[in-house]
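Inside the fold
These are the residues of each chain, in order.
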4 protein chains.
Amino acid sequence: MPKKPGRPRSERARQAILKAAYNLLIEDGVGRLTIEAVAARAGVGKPTIYRTWANAGELAMAALMARPAAEPSLAATASPLDDLQRQVCQVIDIFSSLRGRQIARMMAASESDSELSKAFRNRIILKCREEGRAILLRAQALETVRRDLDVEVVLDLIYGPIFYRLLVGHGTLDDRFGREIVRSLKEGMVATT
Amino acid sequence: MPKKPGRPRSERARQAILKAAYNLLIEDGVGRLTIEAVAARAGVGKPTIYRTWANAGELAMAALMARPAAEPSLAATASPLDDLQRQVCQVIDIFSSLRGRQIARMMAASESDSELSKAFRNRIILKCREEGRAILLRAQALETVRRDLDVEVVLDLIYGPIFYRLLVGHGTLDDRFGREIVRSLKEGMVATT
Amino acid sequence: MPKKPGRPRSERARQAILKAAYNLLIEDGVGRLTIEAVAARAGVGKPTIYRTWANAGELAMAALMARPAAEPSLAATASPLDDLQRQVCQVIDIFSSLRGRQIARMMAASESDSELSKAFRNRIILKCREEGRAILLRAQALETVRRDLDVEVVLDLIYGPIFYRLLVGHGTLDDRFGREIVRSLKEGMVATT
Amino acid sequence: MPKKPGRPRSERARQAILKAAYNLLIEDGVGRLTIEAVAARAGVGKPTIYRTWANAGELAMAALMARPAAEPSLAATASPLDDLQRQVCQVIDIFSSLRGRQIARMMAASESDSELSKAFRNRIILKCREEGRAILLRAQALETVRRDLDVEVVLDLIYGPIFYRLLVGHGTLDDRFGREIVRSLKEGMVATT
DNA sequence: ATCTAAGCGAGACGGTACGTCACGTCTTGGG
DNA sequence: CCCAAGACGTGACGTACCGTCTCGCTTAGAT
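Throughout what follows, the structure given in this document is the object of discussion. (Residues numbered from 1 in each chain as written. Chains lettered and ligands numbered in written order. Predicted model: local features only at pLDDT ≥ 70, side-chain atom pairs only at ≥ 80, totals over all residues. Heavy atoms only, no water.)

A closer look at the packing of aromatic side chains
Here a ring pair, both rings aromatic, is described through the centre-centre distance and the interplanar angle of the planes. As enumerated under the stated definition, the model contains eight aromatic pairs over all chains in all. On the numbers, 5.4 Å between centres and 10° between planes, the contact of Phe163 of chain A with Tyr164 of chain B is stacked. Residue Phe163 of chain A is found in helix H9 (residues 151-168), and its partner Tyr164 of chain B is found in helix H9 (residues 151-168); the two belong to separate chains. You'll find Phe163 of chain A and Tyr164 of chain B in the same group, each marked buried. Cluster of aromatic residues (ring-pair linked, three or more members): Phe95 and Phe163 of chain A together with Tyr164 of chain B. (Phe/Tyr/Trp six-rings, centres within 6.5 Å; stacked < 30°, edge-to-face > 60°. Helix = DSSP H or I, 4+ residues; strand = E, 2+ residues; numbered from the N terminus. Buried < 20%, exposed > 50% of the residue type's maximum accessible area, 1.4 Å probe, protein only.)

What follows is the structure in C-alpha cells.
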C-alpha cells in the first residue's frame, strides 16, 4: 500500500474550484477565465489551484469534464437509421447550448497535446462519435447499410457538419439540419435518371 | 475632396506590422501573439498598431488575410463531380499546412462577432465553400446531381468533415480522405438490395 | 545631446511613491514596507516602482534620503569644543526620534554593498560625522585639542556610542549622555594623582 | 510534579533545527532564513519548528545563542588597563568574523521587544560589556582610573565605536583600532599646554 | 500490556506579497 | 497629424513562504 504521507488534498476545495471555474466559464467565456477569479470565487488560495492544474486551460477542461455528460444514451430500436437520426438531433441539441459552444471553442483553441487535452477530446468531443459508431456497426450487422462502408469517414460526414456550423456560424443548427444530414447521406446526391 | 490634414499613415509601417504579426503567428501560435512582440519585431510603436487594429485578434486576422489566398481557382471541366473532387483535395492541402491549422484555430477561438471577424470568416473560411457551391450549382444545371438537393447542407457535408478532423485531430487529413468524402456523398450509404 | 527618447518619467509619480514609502516606513517599520502597499497608497502601478528601484530596501533608503537632512549646520563659535558639544546633542536629538531609529535600523540591516546603500550611509549616517570632523580640525588648528590626535578614531568615539545605545537600547539617549561623551573624551579616564 | 503526558520533544530534532538555522544564517544572511528552508535542511516538519519558536527571528536568535560564547574570559592581571586593552581586542576579533557581522545586523534589525530579543541582547551583545565593566570597577578599586568616572558612559565609549564601524563599515576593525580606543580614552584629547 | 496524549515527518490549506508581463493609453521630441 | 520610443495605471500571472491544519506513525508515562 503506497499511501502518500502528508495531509491529503481537500475534496471540498477541489469541488469548489471546479464549480467556480465552470460558472465563470459559462458566464464569461474561456478568455475571461482567470485563476485569480476562480480562487476568489471558490474561497481558495491560488497555489491550491496550481497544485492540481498547470494553467487556466487545463482547469477549464477539467471543469467541463467534471460535469456528468448528462444525456443518457438513447435506446436502440429495430431501426438503426432512426436511432442514428435521433442521436444526431440529440447531439445538435446539446452542442447548440451556450455550454456546448464553449466546449467546442475550447477544444478548437487548445493547442497543447497534453494528456488532459487528449482526454478532454476523447471524453467530450468524441463521445457522441462513438455512440454513432455503435449504431452504424449495428446497422451494418443488420444489413441496413452497406457492408463496404468506410464507417470512420461516414462518422466524420455526420458529426463534422455539426461542428462546422457551430464554430463558423454560417448556418442554423437545429433538428431540420440534423434530419437533412442523415437523409443526404442515405440517399447520396447523384441524379438517378 | 476633404483631403485629411497631417502626415499620412506610413505604408512601410503597415507592411512591417503585418509581416511581423504573420511570422509570430506561424511561429508561436495565436496565444503568443502579443502587440508588444509585434511592435518590437516590426520596429514600430505600439500606438501605431492600435491606430489601425483594435486588439491582437483583429491584427491576427488581418495578418492572415493580407496574404494572398494563393491557390488559384481550378479550371472547370466537363465533369463537375471531378472538379469538386479536385477542389476538395486542394482545400485539404491548404488547411493541412501549419498556417491552415492556425487559421482554423483562430476562427474557432474568436468569440467576437465584430465586422472584421465576419469578414475573416467569409474571406478565408467560407471562400472554398463558395467555390464548392459554384461547382454544385453547375452540376445541378447539367443534371449531374439531383435538382432537389439541399445545396447548403451538402456543402456542410463536404467541408464540415475537413474542419472536424483538422480541429479535433482524430483522423488523418489527406487526399484519400477527400476522395472518400466525395465518393460517400455520391453513393449514399443505404444498402442496395 | 544624448536626450533619451520616449515619455519621460513622471515626477509626480516619483514624489508620490517616495512620500507613500516614507509614511509607511515611519508608521509600520522597515519590515512592513511592501511594494504593493506603496503602490496602492501612492496610486501608482507596481511596475512604475520597479522601474526605478530594484527592491523594497532600495526604495526605503531612497525615501529616507529624499527628505531634506533638515537640521541646519550649527554656527561656529570661538570655542570649538562648545560647538562639538552642541552638535553632538543635536545628533542625539535627531536620531532619538522615531524616524531616527528607523534610519539606524535600516542602515544596520542593509546587507548589500550596492551603490545606493553606500550613498545612503554617506549621506545620512556619516553626514553628522563630517560635521564633527570639521569642528575637530578647526579645534586642532586653534590648538584647542592636541595636534597628534587621531581624528578618525575620536570621531568614532563620539558618534559610535550614540548608535550603540540607539540600536541596543541598553541606556537612555539624551542630552546628558551627549555632554558626558564630550566631557569624558576631554578628560580621559586615568586617575590624576 | 505534574509531569506532562505524551511523547516528549525530540532533542535530536531540536539540535538539527538549530544547526540548520545557524548554517543558513551564516551562508545566506538573516533575510534568507526561511522556516521552510530550515525545515527542509533539518529534515523536520514545519510545525516542529513553530512548536518551539514563534517566528524566523526568534529561531535565528536561538540559533546564534545556542553556540557556546566560545572565547573564555581573559585572566585578570595586575594591570586592569592592560586587561581592558586585551579584552577590547578580543571583542573586535570575535565580531569582525562573518558570524559576528551577522549577529550585529540581527540585533540592529530586530524590532521586537520580546523576551527572547532582550535575552539575545543581554547574552550576546552586552556580554562583553559586562566583562568590561568588571575590569573597570576593579581598576577603580585599585585607583588605576578616576573614582568619579561614569562607568556606563565609558563602557559605551569603548564598545560603541566597535559596533559603529562594524555596522557602518566606514573604517577598518582591527587591533590597532582597539588600541587607539583605549589610548584615546586614557589620555583625553584636550591640548596640554 | 494496553491506553492515551503529545510529538513526529510530511504536506496541503487559505493567504500575502513577490517580481514580471502585457495590456491599452498617454506624452515626449522629431518628421 | 503621424511616427518611434517608452513611461503610465491596471490586472493577471505563476512562485515563494507564511503560519495553520490534517494525516498516519511513533514514543513513552499512566493505567
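Quick look at the protein's contact with DNA strand E
Taken together, 41 residues form the shell around DNA strand E, and within it Arg51 of chain A, Lys46 and Tyr50 of chain B, Tyr50 of chain C together with Arg51 of chain D come nearest. For DNA strand E, the backbone portion of the atoms within 4 Å of the protein, that is sugar and phosphate, comes to 61%. Contact between DNA strand E and Ile35 of chain B: a phosphate oxygen at 2.9 Å from a main-chain N or O atom of the residue. Arg7 of chain D places a side-chain nitrogen or oxygen 2.8 Å from a base nitrogen of DNA strand E. Each residue belonging to the surface near DNA strand E can be placed in one class, and the counts come to 16 nonpolar, 13 polar and 12 charged. (Near = heavy atom within 4 Å. Polar contact = N/O pair within 3.5 Å; in protein donor to acceptor, adjacent residues only side chain to side chain. Nonpolar A, V, L, I, M, F, W, Y, C, P; charged D, E, K, R; others polar.)

Things to note about the pattern of salt bridges
It is possible for side chains of opposite charge to pair when their charged atoms get near one another. Taken as a whole, this structure holds 64 salt bridges over all chains when the rule is applied. Close ionic contact of Glu27 of chain A with Arg41 of chain A constitutes a salt bridge, the shortest N to O distance being 3.0 Å. Taken together, the residues Glu27 of chain A in helix H1 (residues 11-28) and Arg41 of chain A in helix H2 (residues 35-42) connect sequence positions 14 residues apart. Its salt-bridge partner being Glu180 of chain B, residue Arg176 of chain B comes within 3.7 Å of it at the nearest N-O pair. (Salt bridge = Lys/Arg side-chain N within 4 Å of Asp/Glu carboxyl O.)

Here's the deal with the relation of the copies chain B and chain A
Placing chain B over chain A gives an RMSD of 0.3 Å and needs a rotation angle of 179°, together with 0.0 Å of translation along the axis. Both copies of the chain, as the preceding transformation shows, are related through a two-fold rotation axis. Every residue of chain B has its C-alpha some distance from the rotation axis, and the shortest such distance is that of Gly188 of chain B, at 1.9 Å. (Least-squares fit on C-alpha atoms with pLDDT ≥ 70 in both.)

Brief notes about the interface of chain B and chain A
Taken together, the contact between chain B and chain A spans 50 residues of the former and 49 residues of the latter. Counting across the interface, chain B meets chain A through six salt bridges. Put simply, Arg146 of chain A and Glu187 of chain B hold a salt bridge, and the shortest N to O gap is 2.7 Å. At the level of elements, helix H5 (80-95), helix H6 (98-109), helix H7 (115-125), H9 and helix H10 (175-187) of chain B are the ones that each hand at least two residues to the side of chain B that touches chain A. Tallied by class, the residues present in the side of chain B that touches chain A amount to 26 nonpolar, nine polar and 15 charged. (Contact = heavy atoms within 4.5 Å.)

Focus: the interface of chain D and chain C
Contacts between chain D and chain C engage 50 residues on the former and 49 residues on the latter. Each partner contributes to the roughly 4,300 Å² buried at the junction of chain D and chain C, and carbon and sulfur atoms together form 62% of this total. Taken as a group, Arg146, Tyr164 and Met189 of chain D account for 20% of the area that chain D buries against chain C, more than any other trio of residues on that side. Taken together, the links from chain D to chain C amount to six salt bridges. Residues Arg176 of chain D and Asp150 of chain C are paired through a salt bridge, measuring 3.6 Å at the closest nitrogen-oxygen approach. Counting across the interface, chain D meets chain C through 12 residue pairs in polar contact (both at pLDDT 80 or more). Looking at the side of chain D that touches chain C, the elements that each hand over two or more residues are helix H5 (80-95), helix H6 (98-109), helix H7 (115-125), helix H9 (151-168) and helix H10 (175-187) of chain D. Considering only residue class, the side of chain D that touches chain C consists of 26 nonpolar, nine polar and 15 charged. (Buried area = accessible area lost by both parts, 1.4 Å probe.)

A short note on the protein's contact with DNA strand F
By nearness alone, 41 residues border DNA strand F, and Lys46 and Tyr50 of chain A, Arg51 of chain B, Arg51 of chain C together with Lys46 of chain D come closest of all. Of everything in DNA strand F that lies within 4 Å of the protein, sugar and phosphate atoms constitute 65%. In this structure, Gly45 of chain C approaches DNA strand F through a main-chain N or O atom, which is 3.5 Å from a phosphate oxygen. Between Ile35 of chain D and DNA strand F, the recorded distance is 3.1 Å, taken from a backbone N or O atom to a phosphate oxygen. Going through the elements one at a time, H2 and helix H3 (46-52) of chain A, helix H3 (46-50) of chain B, helix H3 (46-52) of chain C together with helix H2 (35-42) and helix H3 (46-50) of chain D are the ones with two or more residues in the surface near DNA strand F. It is H3 of chain C that provides the largest number of residues to the surface near DNA strand F, a total of four residues. Looking at the surface near DNA strand F, its residues break down into 15 nonpolar, 12 polar and 14 charged.

Things to note about helix H2 (residues 35-42) of chain B
Residue and element names in this part refer to chain B. Among all positions in H2, only Ile35, Val38, Ala39 and Ala42 are buried. One side of H2 carries all its buried residues, which in axial view fall inside an arc of 100°. When the buried face of H2 is taken as reference, the exposed residues oriented beyond 90 degrees from it are Glu36 and Ala40. At its buried positions, H2 is contacted by helix H1 (11-28), H3 and helix H4 (56-66). Taken from the residues just after H2, Gly43 is the one with a positive phi, measuring 65°. (Arc of directions from axis to C-beta.)

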